[in-house]
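# Chain and residue survey
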Amino acid sequence: MRSVQTLALAMATGLLPLAAVGADVDPYGSNNGTFPTAEQWQGPFRIANFDFPKHQPHDRWLNGKGMGEISTGNAEAYMETLRTFVEPSVKAMIDAPLEWDHAAEGWYDMPWTAGDREPLLGAFSGQTILADAFAEFGQKAAFTNHAVIYYNDVAAGMLGRIWANPFSPDFRAIDFPEGSIVIKALGAEVTPENFPPVEGSQIWNVFAKPFDGSSNTEQVVDTRVIQFDIVVKDSIAAPGTGWVFSTYIYDKDAAGETTWDKLVPLGAMWGNDPELALQADGGTGKLMETWVNPDAPAYSSATLGWGGRLSGPMDLAERQNILFTDGTRAETMTEVSACLSCHSTGQTPFIANLYPGPNKSFPPAGQTFFLHKPGSPEWAQWYRNREGTLPFSSVEGVVGTDYNMLLTFAINTFYASTGQTEKVTRHIDVH
Ligand code: HEC
C-alpha cells in the first residue's frame, strides 16, 4: 500500500518519479500497464526498443570533420549542425508522433523505466510549472509536462553492455562512447489559452491523470511540444565534461511550416564555468561554457540557470521557500541550477541532491527547501567539471553515471526491484 501511494504522489508531482517506483517492474516493459479503452484511443502504442546493437556502432558525429572545441563563438553553428544531424530520424517524432517508428530510426530505450511511462508515447511525467512562472508571457494556470527520452545506437552499444543481464548490471561498462547522443523532448500539458507561447505547436497525446484535476482516472490528454534537448558525448568539443548539452525551444513566431521547423536554439552548455563558481552571482556576464541564443523566444530565456548558465523553461532552475545553510532565508531563488550542474549528480547509489543542497532528497510542495549559500565552497561542488565516470560524491562504492539521469534512476529501480533497499533513494519528489 505504501509504495502505491508513493508512486501515485510521485506520478502526480515529481520530476523524478522513477526513483520512487516500488518493486516488480519488468525491466523490459514499455509502460505502466495502464491502457485506455478502445473508445478512448484508436491510435498506436509506442513499444520500447531494447534490441541493443551486438557490436559497438561507430561514432558518426562529426569531430573528425574538424569542428574542434566548442566555444561561445561557434556554439550556434555547432547546434545547427547537431540539429541537422538528428533531423532525418527525429523530425517525425516531433511532427508525426503516431507514425514515428523509433526502433526503425535507430533510437533505443532504457530498461527498468516502464513503471513511470504512460502507454501512448512511453512518456515520463514531468515537473510542475507554477502558475506564475511565466506570468509576464500570458500564463494563466499551473501546468505539467511529459517527456520522451531516447538513446542513439552508439549510446545503446553501451546500454547493451551494462544491461547484458538486467539483474546484474555491469557498472564498469558505464562510460558513454564518443558520439553517444541522448534526446529528450517535452510536451507541456497546457492549452494556448492558458499559455500563449505554445500556440500552433504539435499536439502529443499521453494517457495520464489530467493535471487540471478534471478526472481522477487516466484520460487521453493533449500536450504541446515545447522543448527538445540533445546531449552529445564529444570530448573534443567539451574536454572538461565530455558532454555538450543543448536545448531547442518552440517559437510560435519562427519561420517554417512545422513544429520541428520552429524549434529554435535556446543555447548550449559544455561545462559549469567552475572558475566562476565561488562568486556570489555565479559570474553573470562572464560565462565561457554556456552560450545563449539572443534571438530565442523571450519566455524561454527568462528561466536560465545560475549566473545565466543554461537551463530550459521546463527544467525548474527556480526553487521556493529556501533555507540556506547559513540560516538565512529566501522566498524564492530563480537561478539555482543548470543543465550540467544538475546532471553532474548522476551517480549510483544516488546520494546527492540534484540542487546544491545538503540533503539527499526533496521536501514535498511548500515545505522548506535547503540550499547551500550561492558561491560557497559547498555550493561550488555542483559547479565542477569532471569526467562523468568519476562520481559526484567521493564515497567508496559510489559509481559515476556519466551525467545521465535516466540511467541513475533505472539503476535505482533495479535496486528497489531486487530488494537492495539500502541502496534505494526512496522519495525523490522535487515538489
Ligand atoms: C534540476 C535538474 C535538471 C536540470 C536543470 C536539467 N535536467 Fe535534464 N534531466 C533531469 C532528470 C531528473 C532527468 C531524468 C528524466 C526525467 O525525470 O525527466 C533528465 C533527463 C535528461 C535527458 C535524458 C538523458 C538523461 O540524462 O536522463 C536529457 C537529454 C536532458 N535531461 C537534457 C537536459 C538539458 C539539455 C538541460 C538544460 C537545458 C537539462 N537537461 C537540465 C534533471 C535536470
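All of the points below concern the structure found in this document. (Residues numbered from 1 in each chain as written. Predicted model: local features only at pLDDT ≥ 70, side-chain atom pairs only at ≥ 80, totals over all residues. Heavy atoms only, no water.)

## Concerning the pattern of salt bridges
- Scanning the entire structure with this criterion turns up 10 salt bridges.
- Measuring nitrogen to oxygen at the nearest pair gives 2.7 Å for the salt bridge that ties arginine 117 to aspartate 109.
- Residue classification places arginine 117 among the buried residues on the basis of a relative accessible area of 2%.
- Across the pair lysine 252 and aspartate 253 runs a salt bridge, and its minimum N-O distance is 3.7 Å.
- Looking at lysine 252, the relative accessible area reads 31%, which means it is partly exposed.
- Each of Asp175, Lys233 and Asp402 takes part in one network of salt bridges that share partners. (Salt bridge = Lys/Arg side-chain N within 4 Å of Asp/Glu carboxyl O. Buried < 20%, exposed > 50% of the residue type's maximum accessible area, 1.4 Å probe, protein only.)

## Here we look at a nonpolar patch on the surface
- Taken together, the side chains of Phe35, Phe45 and Ile47 define a hydrophobic patch exposed on the protein surface, amounting to about 290 Å² of accessible area.
- By secondary structure assignment, the location of phenylalanine 45 is in the loop between α1 (2–13) and α2 (75–95).
- Under the relative-accessibility criterion, phenylalanine 45 is labelled partly exposed at 34%. (Patch = residues over 30% accessible without salt bridge, like charges linked within 9 Å, V, L, I, M, F, W, Y side chains within 5 Å. Areas by Shrake-Rupley, 256 points an atom, 1.4 Å probe, with all protein chains shown as cover. Helix = DSSP H or I, 4+ residues; strand = E, 2+ residues; numbered from the N terminus.)

## Some words on unusual backbone geometry
- Here the bond from threonine 348 into proline 349 is cis, since omega is -10°, no more than 30 degrees from zero.
- Its place among the elements puts proline 349 in the loop between β11 (347–348) and β12 (369–371).
- The phi angle at asparagine 321 is positive, at roughly 50°, despite the residue not being glycine.
- Tracing the backbone shows asparagine 321 in strand β9 (residues 319–324).
- For asparagine 321, a relative accessible area of 30% corresponds to the partly exposed category.

## Topic: the environment of valine 221
- Note on placement: valine 221 falls in strand β5 (residues 219–233).
- The class for valine 221 is buried, based on a relative accessible area of 8%.
- When neighbours within four sequence positions are excluded, valine 221 is seen to be in contact with Glu189, Trp204, Asn205, Val206, Ala208 and Pro210. (Contact = heavy atoms within 4.5 Å.)

## Quick notes on helix α7 (residues 405–417)
- When the terminal C-alpha atoms of α7 are compared, their 18 Å separation across 13 residues agrees well with the 18 Å that a helix rising 1.5 Å per residue should span.
- For α7, a buried count of 13 out of 13 residues is recorded, marking the element as mostly surrounded by other parts of the structure.
- Two or three places before leucine 407, at the opening of α7, asparagine 404 has a side-chain oxygen 3.1 Å from that residue's backbone nitrogen.
- Just past α7, the residue glycine 419 takes up positive phi, approximately 75°. (Expected span 1.5 Å × (residues − 1). Polar contact = N/O pair within 3.5 Å; in protein donor to acceptor, adjacent residues only side chain to side chain.)

## Some details on the pairing of strand β2 (residues 143–151)
- A large share of β2 lies buried, amounting to 9 of its 9 residues.
- Burial along β2 is two-sided: the face carrying Phe143, Asn145, Ala147, Ile149 and Tyr151 and the face carrying Thr144, His146, Val148 and Tyr150 are both buried.
- Sheet analysis places strand β1 (residues 124–129) next to β2, joined by 4 bridges and oriented antiparallel. Within β2, the residue paired with threonine 128 across the bridge is threonine 144. (Pairing = 2+ DSSP bridges.)

## Examining the nonpolar core
- Within the largest apolar cluster, 115 residues are counted, with the highest numbers of intra-cluster contacts made by Met93, Trp163 and Phe228.
- Considering every element that reaches this core, the biggest residue donor is α7, with 9 residues.
- Those residues in contact with tryptophan 163 that sit more than four places away from it in its chain are Tyr28, Met110, Pro111, Trp112, Pro169, Leu407, Ala410, Ile411 and Phe414. (Core = buried A, V, L, I, M, F, W, Y, C linked by side-chain atoms within 4.5 Å.)

## Topic: the sheet that holds β9
- Read across the open sheet, the 3 strands follow the order β10-β9-β12; overall the sheet is mixed. At either end of the open sheet lies a strand with only one pairing partner, and these are β10 (329–333) and β12. In this sheet, neighbouring strand axes are inclined to one another by 40° on average, regardless of whether the strands run parallel or antiparallel.
- Pairing of β9 with β10 involves 4 bridges; the strand directions are antiparallel. Counterpart to arginine 319 in the pairing with β10 is methionine 333. (Axes fitted to C-alpha atoms, helices over the stretch in contact; angles between N-to-C directions.)

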